[in-house]
Amino acid sequence: MINLSKIDCVGCTSCSSICPKNVILMKKDNEGFFSPVIVNEERCVQCGLCEKACPVLNNEPEKKNTDLGYIVQIRDEEIRKESASGGMFSAIAISVLREKGVVFGAAYTDSFEVKHIEIDSEKELWRLRNSKYVQSNIIGVFARVKELLNNNIKVCFSGTPCQIEGLKHFLLKEYDNLILVDVVCHGVSSPLIWEKYLETKKDIEKEKIYFRWKHYGYKYSTMSFFDKKGSEVYHSGVESDKMLRAYFSNSCDRKSCYNCVFKKRYRVSDFTIWDCFQPRFFNKSFDDDKGTSCALINSEKGKKYFDKIVSLDLIKYFQVPADDLTHANKEMVDSVKKSEIREELLQDARLLSGNELFEKYYPVNFLSKIKKIFRLILLRIGFYSTVKFLIYRKRRKKTIGKHNEK
Ligand SMILES: Cc1cc2nc3c(=O)[nH]c(=O)nc-3n(C[C@H](O)[C@H](O)[C@H](O)COP(=O)(O)OP(=O)(O)OC[C@H]3O[C@@H](n4cnc5c(N)ncnc54)[C@H](O)[C@@H]3O)c2cc1C
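Residues numbered from 1 in each chain as written. Predicted model: local features only at pLDDT ≥ 70, side-chain atom pairs only at ≥ 80, totals over all residues. Heavy atoms only, no water.

**Some remarks on the overall build of the protein**
Stage number 1. Across its full length, the protein holds 15 helices and 13 strands.
Stage number 2. Computed over its C-alpha atoms, the radius of gyration of the protein comes to 21 Å, within 12% of the 22 Å expected for a compact globule of 406 residues.
Stage number 3. In terms of overall dimensions, the protein has C-alpha extents of about 70 × 55 × 50 Å along its principal axes.
Stage number 4. Out of the 406 residues in the protein, the part that is buried amounts to 54%. (Helix = DSSP H or I, 4+ residues; strand = E, 2+ residues; numbered from the N terminus. Rg over C-alpha atoms; globule rule 2.2 N^0.38 Å. Buried < 20%, exposed > 50% of the residue type's maximum accessible area, 1.4 Å probe, protein only.)

Pasting the structure below:
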């Protein structure tokens, strides 16, 4: 049986989903992440499937693939507005749904828990849109994907790289009717910290939450809440919103995120998608501050679906050499660095109320106020975009320099 203490578990559910005797269950650990727990060990028949299905134990070396690069904007402006970047995910999903397929992705439940769900109509697709920077609950999803695949239904599964590799190992074989989409992933936050944050916002009546709303444009997005009537009832930028501050200071990620073995340049998915904050580097006509996605096509199947998306006229796109797109994207290949306060924060999350917790670690202070004012002034005088561009250019030069040294 799998020795869970020996792996840096990513919580993909593969071992628990494959166990024929239900010996491995997914339970929340004391940091709020779902993790496998061995129960009723005496029922184990030593079949070894749990070890075979673990993507961490069986992490494979990267293999060069189709490797086509594009920048993309979905033509439907409403969809682009709701998407974290340029809506490439929705374009892929629509092409699958129009073939009577099923799409899996991260959504909110009524209480705003982040959970993978399955949808089969374009009407429901909005639920999967936009990034939720919290580890999604995928219990039971892999078995359902397999059931649909075995019934010859087309399935698009989208998620973090660890979920994609977990699913691939769980399935144990290739399926022609499966389309895999992974995001470039900074890391995933603890659902416990998310619960605590929601507690601090319980008095705001909200129907929808977006981690990445383009309130001030794509390059300065906000955490935003909307009420039943569609009015924005809360918004706050990355320097001020307490959940975004916790996330982007790498204080509440799953432990495995700090040494992520799925940070790969060449992925096993059919598509890899991420943000293209500086499209003007590649094609100025894309730089409208409304969102652009980068997309890598990693397989022949991905290529076929991309052609379908083009034939449906769903996107505006521009081909870019894949290496040009991936240069300067640290999150694609490097794990985030653990914050020094992580353990203390997660320990306190079990003891303190949401307000006490966020007040202790993320108080509204002089620095956060100044950062906000500075950003707003830059926006007002029209320099925000230029400053962001200069920062990106510097980062890009540095990464390319490092790459050439290798
Ligand atoms: C946790 C996370 C971290 C990310 N980190 C980076 C980064 O560091 N740099 C970067 O350039 N891009 C990052 N991205 C990708 C980026 O935010 C967009 O998802 C990407 O640009 C695609 O946007 P879109 O406009 O095509 O579609 P959108 O509609 O915004 O994409 C939605 C897609 O994201 C998936 N998704 C959303 N939340 C989760 C979740 N909690 N778990 C699993 N899947 C989820 C959905 O299933 C769907 O496939 C991250 C995304 C996520 C979810």
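Next comes the rest of the description.
**Notes on the site of the ligand**
Stage number 1. Inspection of the region around the ligand gives 35 residues, with Ala84, Ser85, Ser131, Lys132 and Val134 positioned closest.
Stage number 2. Within the backbone of Asn130, a nitrogen or oxygen atom sits 3.0 Å from an oxygen atom of the ligand.
Stage number 3. Within the complex, the protein chains bury 97% of what would otherwise be the 890 Å² of accessible surface of the ligand.
Stage number 4. For the shell around the ligand, the secondary-structure elements that each account for two or more residues are α4 (88-97), β4 (102-108), β5 (114-119), β6 (155-159) and β11 (271-275).
Stage number 5. The dominant element in the shell around the ligand, judged by the number of residues it contributes, is β11, at three residues.
Stage number 6. Its residues assigned to classes, the shell around the ligand comprises 14 nonpolar, 16 polar and five charged. (Near = heavy atom within 4 Å. Polar contact = N/O pair within 3.5 Å; in protein donor to acceptor, adjacent residues only side chain to side chain. Areas by Shrake-Rupley, 256 points an atom, 1.4 Å probe, with all protein chains shown as cover. Nonpolar A, V, L, I, M, F, W, Y, C, P; charged D, E, K, R; others polar.)

**Section: the pairing of β11**
Stage number 1. Counting buried positions along β11 gives four out of five residues, so the element sits mostly inside the fold.
Stage number 2. In this structure, strand β7 (residues 178-183) lies alongside β11, joined through three bridges in parallel fashion. Considered in β11, the bridge of Asp182 is made with Thr272.
Stage number 3. With five bridges joining them, β11 and strand β12 (residues 293-297) adopt antiparallel strand pairing. Looking at β12, one finds that Ile273 is bridged to Ala295. (Pairing = 2+ DSSP bridges.)

**Brief notes about helix α14 (residues 366-380)**
Stage number 1. Here α14 spans 21 Å end to end across 15 residues, near enough to the 21 Å set by a 1.5 Å rise per residue.
Stage number 2. What α14 keeps buried is the set Ser368, Arg375 and Leu378. The buried residues of α14 all sit within an arc of 95° when viewed along its axis, so they share a single face. Exposed side of α14, more than 90 degrees from the buried face: Phe366 and Arg380 are the residues found there.
Stage number 3. Note on α14: the residue one or two positions beyond its end, Gly382, has a positive phi of about 80°. (Expected span 1.5 Å × (residues − 1). Arc of directions from axis to C-beta.)

**Overview of the sheet that holds strand β13 (residues 315-320)**
Stage number 1. Reading across the sheet, the eight strands line up as β5-β4-β6-β7-β11-β12-β3-β13 and stay open at both edges, with mixed pairing between neighbours. At either end of the open sheet lies a strand with only one pairing partner, and these are β5 and β13. Sheet twist, expressed as the average angle between the axes of neighbouring strands with direction ignored, equals 25°.
Stage number 2. Contacts from helix α5 (residues 141-150) reach β4, β5, β6 and β7 within the one sheet, and its direction differs from that of β6 by about 155°. (Axes fitted to C-alpha atoms, helices over the stretch in contact; angles between N-to-C directions. Contact = heavy atoms within 4.5 Å.)

**Points about the packing of helix α7 (residues 191-200) against helix α12 (residues 342-349)**
Stage number 1. Between α7 and α12, the shortest axis-to-axis distance is 10 Å and the interhelical angle comes to 60°. By the angle between their axes, α7 is oblique relative to α12. For the crossing formed where α7 meets α12, the hand is left-handed. Every residue of α12 that contacts α7 at Leu192, Ile193 and Lys196 is listed here: Leu345, Leu346 and Ala349.
Stage number 2. Its residues assigned to classes, the contact of α7 with α12 comprises five nonpolar, no polar and one charged. (Parallel < 35°, antiparallel > 145°, perpendicular 65-115°, else oblique. Left-handed = near helix turned anticlockwise from the far one by under 90°.)

**Side note on the domain arrangement of the protein**
Stage number 1. Per the domain assignment, the segments of the protein are domain 1 (4-52) and domain 2 (59-401).
Stage number 2. Contact with domain 1, which involves 19 residues of that partner, is made by 28 residues of domain 2.
Stage number 3. Summed over both partners, the interface of domain 1 with domain 2 comes to about 1900 Å²; 59% of that surface belongs to carbon and sulfur atoms.
Stage number 4. Along the contact surface separating domain 1 from domain 2 lie three salt bridges.
Stage number 5. Taking the shortest distance from any N to any O, the salt bridge between Lys255 and Glu31 comes out at 3.6 Å.
Stage number 6. Viewed at the interface, domain 2 and domain 1 are joined by eleven residue pairs in polar contact (both at pLDDT 80 or more).
Stage number 7. Elements represented by at least two residues in the side of domain 1 that touches domain 2 include exactly α1 (14-18), β1 (24-28), β2 (34-38) and α2 (49-52).
Stage number 8. Of the residues that constitute the side of domain 1 that touches domain 2, the class distribution is eight nonpolar, seven polar and four charged. (Domains from an automatic or database assignment. Buried area = accessible area lost by both parts, 1.4 Å probe. Salt bridge = Lys/Arg side-chain N within 4 Å of Asp/Glu carboxyl O.)

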